Amino acid sequence: MRGHDDHEPVFIRSRWGTSRYVFNHRNPLGLALIVITTIAAIIAMFVLNSR
């Protein structure tokens, strides 16, 4: 069973020197959100382009 020490949060602070939060790719939910957001953006571009 996994311990609580290796817990990775879904959101982490950006390392670019800003106070923004980004999805954490080391967390499975964060990785899924990155993939879903990318797919949704691509679909939105195709829908907007077809009009």
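Our subject is the structure listed above.
The sections below set out a description of the structure shown in this document. Keep in mind it's a predicted model, so treat the numbers as computed, not measured.

Okay, the overall build of the protein next. A count of helical and extended segments in the protein gives 1 helix and 2 strands. Secondary structure elements in the protein, listed N-terminal to C-terminal, are β-β-α. The buried share of the protein, taken over its 51 residues, is 8%. The long-range fraction of contacts in the protein, counting pairs at least 24 apart against all pairs at least 6 apart in sequence, stands at 0%.

Attention now moves to the environment of S50. Relative to the helices and strands, S50 is located in helix α1 (residues 28-50). A polar contact is formed between the side chain of S50 and the backbone oxygen of V47, at a distance of 2.9 Å.

Within the secondary structure layout, N27 lies in the loop between β2 (21-23) and α1. Of note is the side chain of N27, whose polar atom sits 2.9 Å from the backbone nitrogen of L29. Dropping the residues within four chain positions of it, N27 is found in contact with E8, P9 and V10.

Parameters and conventions
Residues numbered from 1 in each chain as written. Predicted model: local features only at pLDDT ≥ 70, side-chain atom pairs only at ≥ 80, totals over all residues. Heavy atoms only, no water. Helix = DSSP H or I, 4+ residues; strand = E, 2+ residues; numbered from the N terminus. Buried < 20%, exposed > 50% of the residue type's maximum accessible area, 1.4 Å probe, protein only. Contact = heavy atoms within 4.5 Å. Polar contact = N/O pair within 3.5 Å; in protein donor to acceptor, adjacent residues only side chain to side chain.

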